Amino acid sequence: MTFVISGECCSDASCVAVCPMNSIHPAPGEPGFGAGASLFIDPRTCIDCGACADICPVDAAQPADRAAPEDVERNAAYFAEREALEATDLDSWEPPAYQVWGRGPQRVLVVGAGPAGMYATRELLLRTTARITVVDRSEQLGGLVRFGVAPDHPCTKQIIGTFERIVRHPRVRWLPGTEAAALVQEYDAVIHAVGARRSRRLGIPGEEAACTAEDFVAWCNGRPGAALPVELVGPRAVVVGNGNVALDLARILLSDQLDTADVSQQVRRTLAASGIKQVVLLGRRGPGEAAYTESALQELLAIAGDRVELRYHARPTGWTPEGLTLDTGETIAAGNLFTAIGFEGQPVDGLPFDAARGIVPNVRGAVVDRPGHYVAGWIKRGARGGIGVNKACAQETVQTLVSASRGAASQGS
Ligand SMILES: Cc1cc2nc3c(=O)[nH]c(=O)nc-3n(C[C@H](O)[C@H](O)[C@H](O)COP(=O)(O)OP(=O)(O)OC[C@H]3O[C@@H](n4cnc5c(N)ncnc54)[C@H](O)[C@@H]3O)c2cc1C
Ligand code: SF4
Ligand code: SF4
């Protein structure tokens, strides 16, 4: 018997460190880490110890006999062409010796309580003796995990439980509903982990009548004050985009199994009354270049079957009440247009901004020309990558921060 990892995996790699058999890949530093949504367990070397399941914050690691058959297949298929790797040499294993920078920054402000801010806070607790203040303009922590991740993926949202434990640490002060601007001067170092929340635009006539993925997922997830900006009109909708967010959107629109999802009665009623029975998913490039993961596509096809049509190499030119026109002259008749073509960062007060990349320019997390200021997450590297990728990203930033501090390192515990 073996364990397998399901598509709910957010690849934060917590399980990699505890696996005694080096069975979980791609690990941080290996090709492919951070590129797909999920890690995989090698069935040839897994000894069924369960350590990965104990530590997984989203219940993605499970014994094969309790997992879905397609997950078992996916894990085996990933390793089919790869050699089995040597198990970690347990005899040479030594407990980690953390370097604690006692005389480094003692007051650190973390702006943003999404994955990047939370992983940065966790790393600061591990690597420094600093007191950390975490602020978020929202009243709730979690960022896009709470208000972006699809509501029919409750396991993925469980990682919020880990974040809640982090802000309860005695060295952390958590200030929900707070903008950073007024506080920045009071701190030795500031980590800006504010995400990237401006939706990209198609730039076609009529687009103002479209609904962006940001608005749709915020409404589905009950973000305070979020409302659907359009009326849902069946029977067909077009979703432009070729990433997992576009697939999430199509799945929610077509799902008749939202009863177990964490959505309000009003959202459920509005979706049921919409009359949307078909979704055309439109990608500008071909299937080979699509940004979605295989597991997300399989999940959509399992739920929607032939009610979803995948169209590639299609370039929209305009939206009218009749539907979406393409550069071929064809019009796809539809009642709603949804756009899920990515997000970009917005300038942060007082920091330089690279408008072309939508990020704050930085060197391994240190903001260029602004000593004491750091970035982590989507505002550091652009709006790419799942929840887990922000862990390695935040670790790099904290590493840069502690290296820049002048105090001598001492052995921690
Ligand atoms: C629709 C959607 C669905 C997704 N689904 C998945 C999924 O299923 N699995 C997965 O692995 N990944 C998923 N992702 C990707 C994942 O959500 C991101 O990798 C991650 O959230 C980025 O983390 P972040 O901390 O950089 O930004 P965010 O999560 O956006 O967090 C930024 C935080 O900063 C706060 N903030 C912003 N400005 C200020 C300010 N001035 N003052 C105070 N606070 C501020 C915001 O309120 C927010 O809480 C999804 C992304 C989207 C957009
Ligand atoms: S069950 Fe144990 S050996 Fe198998 S992948 Fe998980 S941690 Fe590794
Ligand atoms: S979510 Fe993290 S701990 Fe769980 S299986 Fe994926 S990488 Fe491992």
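Parameters at a glance
- Residues numbered from 1 in each chain as written.
- Chains lettered and ligands numbered in written order.
- Predicted model: local features only at pLDDT ≥ 70, side-chain atom pairs only at ≥ 80, totals over all residues.
- Heavy atoms only, no water.
- UniProt positions renumbered as here; feature names shortened; annotations may be inferred.
- Helix = DSSP H or I, 4+ residues; strand = E, 2+ residues; numbered from the N terminus.
- Buried < 20%, exposed > 50% of the residue type's maximum accessible area, 1.4 Å probe, protein only.
- Near = heavy atom within 4 Å.
- Polar contact = N/O pair within 3.5 Å; in protein donor to acceptor, adjacent residues only side chain to side chain.
- Pairing = 2+ DSSP bridges.
- Contact = heavy atoms within 4.5 Å.
- Domains from an automatic or database assignment.
- Buried area = accessible area lost by both parts, 1.4 Å probe.

- Per an unreviewed UniProt entry, the chain is named ferredoxin--NADP(+) reductase, and its organism is Kribbella shirazensis.
- We quote the UniProt Cofactor (unreviewed entry) comment for the chain here in full: "FAD".
- Within the UniProt record for the chain, the comment given under Catalytic activity (unreviewed entry) is "2 reduced [2Fe-2S]-[ferredoxin] + NADP(+) + H(+) = 2 oxidized [2Fe-2S]-[ferredoxin] + NADPH".

Considering unusual backbone geometry
Phi is mostly negative for residues that are not glycine, and the peptide bonds are mostly trans.
Turning to step 1, where the next piece is worked out: For the peptide bond that leads from H25 to P26, omega is -10°, which places it in the cis range.
Turning to step 2, where the next piece is worked out: Following the sequence through the fold, P26 ends up in the loop between β2 (24–25) and β3 (40–41).
Turning to step 3, where the next piece is worked out: Omega for the peptide link from G234 to P235 comes to 0°, which places this bond in the cis form.
Turning to step 4, where the next piece is worked out: Note that P235 resides in the loop between α8 (213–220) and β12 (236–240).
Turning to step 5, where the next piece is worked out: Even without glycine at this site, S11 takes up a positive phi of about 50°.
Turning to step 6, where the next piece is worked out: In this structure, S11 sits in the loop between β1 (3–5) and α1 (14–18).
Turning to step 7, where the next piece is worked out: Judged by relative accessible area, S11 falls into the buried class, the value being 3%.

What about the site of ligand 1?
Turning to step 1, where the next piece is worked out: Looking at ligand 1, there are 28 residues lining it, with D136, L144, W378, G385 and I387 nearest.
Turning to step 2, where the next piece is worked out: I387 is positioned with one of its backbone polar atoms (N or O) 2.8 Å from an oxygen atom of ligand 1.

Considering the pairing of strand β9 (residues 189–192)
Turning to step 1, where the next piece is worked out: Of the two faces of β9, the one holding A189 and I191 and the one holding V190 and H192 are both buried throughout.
Turning to step 2, where the next piece is worked out: Across 3 bridges, the pairing between β9 and strand β22 (residues 373–375) is parallel. Of the residues in β22, the one forming a bridge with V190 is H373.

Describing the side chain of N390
Turning to step 1, where the next piece is worked out: Within the fold, N390 resides in helix α13 (residues 389–404).
Turning to step 2, where the next piece is worked out: Sequence-distant contacts of N390, defined by excluding residues within four places in its chain, comprise P115, A116, Y119, G377, W378 and R381.

Re the domain arrangement of the chain
Turning to step 1, where the next piece is worked out: Considered domain by domain, the chain is made up of domain 1 (3–79), domain 2 (107–197 + 345–411) and domain 3 (200–342).
Turning to step 2, where the next piece is worked out: Computed from C-alpha atoms alone, the centre-to-centre distance between domain 2 and domain 3 is 30 Å.
Turning to step 3, where the next piece is worked out: Listed by partner, the interface residues are 10 residues for domain 2 and 16 residues for domain 3.
Turning to step 4, where the next piece is worked out: Between domain 2 and domain 3, the buried area comes to about 1,100 Å², and carbon and sulfur atoms account for 52% of it.

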